[in-house]
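A structural walkthrough
The chain contents come next:
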Amino acid sequence: MKSEAITVPSANQRLRPFADVSCACLSEISSLMLRESTPQFIALGYWLRPAAIAQMRRDFIARTPSGAVPVPRGLAFHLPPTNVDTIFIYSWALSLLAGNTNITRLPSNPNPGVRRALEAASISLERHGLSQSNIFTHFPSDSPTNADLSAACDIRIIWGGDEKVRRVSALPSRPGAVTLSFPDRYSYTVVDVRAYLSLTEAERDRLAAKAFNDIFLFDQMACSSSQVIYWRGCDPDWVVSSDDFTKRCATAALSRDYQVAGATRMAKFSHANRAAIDLPVEAAEVLDPVLTSIRLSEQSNLRERRQGGGLLHHLRIENLENLESVVHSKDQTLTYFGFSTSELTALAERLNGCGIDRIVPIGEGLQFDRIWDGHDLLFSLVKFVVVR
Amino acid sequence: MQLLDRPQFSMTQLEKESLLIPALSELTHIHRDRCPPYRRVLDAIWPGAANAQCLEDLPFLPVSLFKTHELKSALQSNIRMTMMSSGTTGMGASRIAIDAETSRLQSLSLAASIKTVLGPQRPPMLIVDTPDVVRDPRLMTARGAGVLGMMRFGRDHVFALDKDMRPDTKSIEAFLERHAQAPFFMFGFTFMVWLYLYESVTDGQLNLENATLVHSGGWKKLEDRKVDNLRFRTLMKHRTGLKNIFNFYGMVEQLGSIFLEGEDGALYAPNVSDVIIRDLRTLEPLPPGKEGIIQVLSVLPRSYPGHSLLTEDIGVLRSVDSGAGGRLGKAISVLGRVPKVELRGCSDVYADALSARTSAA
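Below or above, wherever it landed, is the structure these notes cover.

Reading guide: rules and limits
Residues numbered from 1 in each chain as written. Chains lettered and ligands numbered in written order. Predicted model: local features only at pLDDT ≥ 70, side-chain atom pairs only at ≥ 80, totals over all residues. Heavy atoms only, no water. Helix = DSSP H or I, 4+ residues; strand = E, 2+ residues; numbered from the N terminus. Contact = heavy atoms within 4.5 Å. Polar contact = N/O pair within 3.5 Å; in protein donor to acceptor, adjacent residues only side chain to side chain. Axes fitted to C-alpha atoms, helices over the stretch in contact; angles between N-to-C directions. Left-handed = near helix turned anticlockwise from the far one by under 90°. Nonpolar A, V, L, I, M, F, W, Y, C, P; charged D, E, K, R; others polar. Buried < 20%, exposed > 50% of the residue type's maximum accessible area, 1.4 Å probe, protein only. Pairing = 2+ DSSP bridges. Right-handed = clockwise from strand over helix to strand, strands pointing away. Buried area = accessible area lost by both parts, 1.4 Å probe. Salt bridge = Lys/Arg side-chain N within 4 Å of Asp/Glu carboxyl O. Core = buried A, V, L, I, M, F, W, Y, C linked by side-chain atoms within 4.5 Å. Expected span 1.5 Å × (residues − 1). Phe/Tyr/Trp six-rings, centres within 6.5 Å; stacked < 30°, edge-to-face > 60°. Lys NZ or Arg CZ within 6 Å of the ring centre and 35° of its normal.

Next up on the list: the environment of threonine 189 of chain A. Residue and element names in this part refer to chain A. Looking at the secondary structure, you find threonine 189 in strand β7 (residues 186-192). When the C-alpha positions of threonine 189 and asparagine 134 are compared, they lie 37 Å apart, and in sequence the two are 55 residues distant. Not counting chain neighbours up to four residues away, the residues in contact with threonine 189 comprise Ser226, Val228, Ile229, Tyr230, Leu334, Thr335 and Ile362. There is a polar contact of 2.6 Å between the side chain of threonine 189 and the side chain of serine 226.

Below, the structure is given as structure tokens:
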């Protein structure tokens, strides 16, 4: 990771939205990623595959207002999060497709995941002559470069946590420049008890395997990682369901060789003990090696008590309306099983922006969506020139 | 109580357990009645707590709980003092509420342990610390409590360091002038003993031939100097003639229950205590020879539910009823703390290669 002086790309290095060279560059990254064995890289490779990019382009054209010419905003300054390795590629890729020039500030000591993705991107950028206009670098968070780039860029994309968003947002940007922020978010799951209990053993195992992704990827620390499961149903069925599902999720994690560091194991045990004292806990299962579970009898504010590393809270709700009193603007992803799209659409309408930006099936919690935290990223990365 | 009356380390593991299990079960009941937060923990996490048939079935609390919550089983008016640990894990200090009864039992147990290395005498004592550490009894830290507790076993006390933590050479020399020809007692924290009785002096400068040193604190701080127990002993003996050295493992959460070093180098559980090593992942009890997290049990804590605690230390069970130096019961070695880890994201998880069986998201 080089951190020498940055040569800010010039305006004439911008490209047309969905330029051929941009699509080709991403295609190459896609093939490189699809050769990896790690799920998050495979997912990235899949998302960037030529057919997907082609579809994105068709959607983009279809959604472009008539009489408007989409153009890049200009220079994009990206500040991705440290806790999720591949997010930086997704947001950068969309910005490249938008035609922007890009500067991304990566962590000083990128972990293996970031390095691998960066390698692939660098190879492809070099090959397509896009290295000067797509810079990945590092400089400290208190470096004046942050202020310089904030003042020079046309769009600034800040990924959390809250503290970082606050700090960077405070740096003045050019008048007319746009800031997109993705602060700390909180996510959870809702399952219908009757629907769950009517699944066969094999179907339950498959659901647990999908839930594994939502819970355990990124050590349950991503903003989309589910922290709580709300069970819609009655006593005592919901306890039967939650115990059963928990066991299967733990089995799914074990069979995938999920490793919990010793200190995390201790932290989860401590968390459960503290919860038992502070919250209305009915029961807590603390002996499972990968998944710690806490069953609560009443709604509680769990947002400040994130532990991660495989710890789930369980609560019962009578119906989806009960969820509404829980929802907070910090809430991002709701994964579900056993609900119809119409029920969930009705929920979104009733919530009317109070919280929850995505409602997706269990297993898709960490899938990167074009519309993220309520922002249509691609559309936010371009401007429209009106021609009449 | 029998456990305190019998000579230290004289009971077989079986005998100990026949006394410890009912005593610890009773403490679980007492603390459940008198400490509401503890009751909540038992109800939520340990439904079968009342029926513990063996040590391994007894519920245990994480030591960190004493840092975040006030857990006491006595009326505030009966609390004589509140101990505070040094908060080495960066999480803040443990607060331990001690009443008169607990304090009395702690002293008795400590005396029974120290008697095995000092005999019935009360020798002159050199404390490898500063007098400031015991200044205000109301602000007692683990270090202060340790020193104060040990001071009862010596007389004509001299502190080896001044209030600025510098070796008080004059006092040390005067002490040795007066007492070095006969048995005397020394106590200090491992790192400080090394710094001030080894690194700060030259060969032969101090004559510690007749000293008995009791020390504690762990080897972590001496890691970069590559000093472990063996080197400590060898080098101290070479430089100062010191040969009677006894390391111990203890904690502010179970004061008075010290695991004292035996002639085989292992740390022996006192009569009032026991120890279980648990697998880091499953928390299952482990047999001798397998490394895991140390759980300590002690019948001393009466005013707070600290009778069964999961520590943050890694250790291994070395022997049960070894008979080395005439000692029975369990003996452990302490290997260090659980390594700190920051939950970052997927890097470590994926480095362990989740298989391609996982369906792509």
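Moving on: the packing of helix α11 (residues 262-278) of chain A against helix α3 (residues 36-45) of chain B. Across the interface, α11 of chain A lies against α3 of chain B with an axial gap of 8 Å and an inter-helix angle of 115°. Our pair here, α11 of chain A against α3 of chain B, has a crossing hand that is right-handed. Contact residues: α11 of chain A offers Ala272, Asn273, Ala276 and Ile277 of chain A, while α3 of chain B offers Pro37, Arg40, Val41, Ala44 and Ile45 of chain B. Among the residues forming the contact of α11 of chain A with α3 of chain B, the class breakdown is seven nonpolar, one polar and one charged.

Looking now at the pairing of strand β7 (residues 211-216) of chain B. All names here are of chain B. Across the six residues of β7, six count as buried, placing the element largely inside the fold. Examined bridge by bridge, strand β6 (residues 184-189) and β7 share six bridges and lie parallel to one another. Bridge pairing in β7 links phenylalanine 184 to alanine 211. Traced from β6 through helix α8 (residues 190-199) to β7, the parallel crossover comes out right-handed.

All names here are of chain A. Sheet architecture is open: seven strands sit in the order β9-β10-β11-β8-β7-β12-β13, paired in mixed fashion. The open sheet has two edge strands, β9 (281-285) and β13 (358-361), and neither has a second partner. Between one strand axis and the next, the sheet turns by 20° as a mean value, whatever way the strands run. Of the pairings in the sheet, the one linking β9 to strand β10 (residues 292-296) comprises four bridges and is antiparallel in character. From the neighbouring strand, alanine 283 faces β10, where its bridge partner is arginine 295. Most of the contacts of α11 go to β10, to which it runs at about 10°, and overall it touches β9, β10 and β11 (311-317).

Taken together, the contact between chain B and chain A spans 40 residues of the former and 51 residues of the latter. Buried surface at the junction of chain B and chain A, summed over both partners, amounts to about 4,000 Å²; 65% is from carbon and sulfur atoms. Scanning the region where chain B abuts chain A turns up zero salt bridges. Where chain B touches chain A, the interface holds seven residue pairs in polar contact (both at pLDDT 80 or more). Put simply, the parts of the chain that give the side of chain B that touches chain A at least two residues each are α3, β1 (61-62), α4 (65-68), β13 (308-320) and α10 (347-351) of chain B. With six residues, the single largest contributor to the side of chain B that touches chain A is α3 of chain B. Along the lines of polarity and charge, the residues of the side of chain B that touches chain A split into 24 nonpolar, nine polar and seven charged.

Right, let's get into the nonpolar core. The biggest cluster of nonpolar side chains holds 72 residues, and the ones touching the most others in it are Tyr188 and Tyr230 of chain A together with Ile45 and Ile332 of chain B. When residues in this core are grouped by element, the largest group, seven residues, is from α11 of chain A. When sequence neighbours within four positions are dropped, the list of residues in contact with isoleucine 45 of chain B reads Ala272, Asn273, Ala276, Ala284 and Val286 of chain A. By size, the runner-up hydrophobic cluster in this structure holds 47 residues, among which are Met33, Trp47, Ala76 and Leu94 of chain A.

What follows concerns the environment of valine 260 of chain A. Residues and elements named next belong to chain A. Summarising the element assignment, valine 260 is placed in the loop between α10 (237-255) and α11. Taking the relative accessible area as the measure of exposure, valine 260 reaches 11% and is therefore buried. Here the alpha-carbon distance between valine 260 and glycine 309, two residues 49 residues apart in the chain, equals 6.8 Å.

Residue and element names in this part refer to chain A. In this model, helix α1 (residues 20-34) (15 residues) spans 21 Å end to end at C-alpha, consistent with the 21 Å of a helix rising 1.5 Å per residue. Buried within α1 are the following residues: Ser22, Cys23, Cys25, Leu26, Ser27, Glu28, Ile29, Ser30, Leu32 and Met33. The inward-facing, buried residues of α1 contact α2 (39-47), α3 (50-63), α4 (87-98) and α5 (112-127).

To continue, consider the packing of aromatic side chains. Applying the stated criterion to the full structure yields 27 aromatic pairs over all chains. Between phenylalanine 60 of chain A and phenylalanine 379 of chain A the ring centres are 5.4 Å apart and the planes differ by 70°, which places this aromatic pair in the edge-to-face class. With phenylalanine 60 of chain A in helix α3 and phenylalanine 379 of chain A in helix α14 (residues 377-381), this pair connects stretches of sequence that are 319 residues apart. Seen in terms of ring centroids, phenylalanine 187 of chain B and phenylalanine 189 of chain B are 5.8 Å apart; in terms of plane orientation they differ by 70°. Their pairing is edge-to-face. Here a set of aromatic residues connected by ring pairs shows up, and it is made of Phe18, Phe60, Phe379 and Phe384 of chain A. Between the NZ or CZ atom of arginine 49 of chain A and the centre of the ring of tyrosine 46 of chain A, over which it lies, the distance is 3.9 Å. Between arginine 256 of chain A and the ring centre of phenylalanine 212 of chain A, over which it is positioned, the NZ or CZ distance is 5.4 Å.

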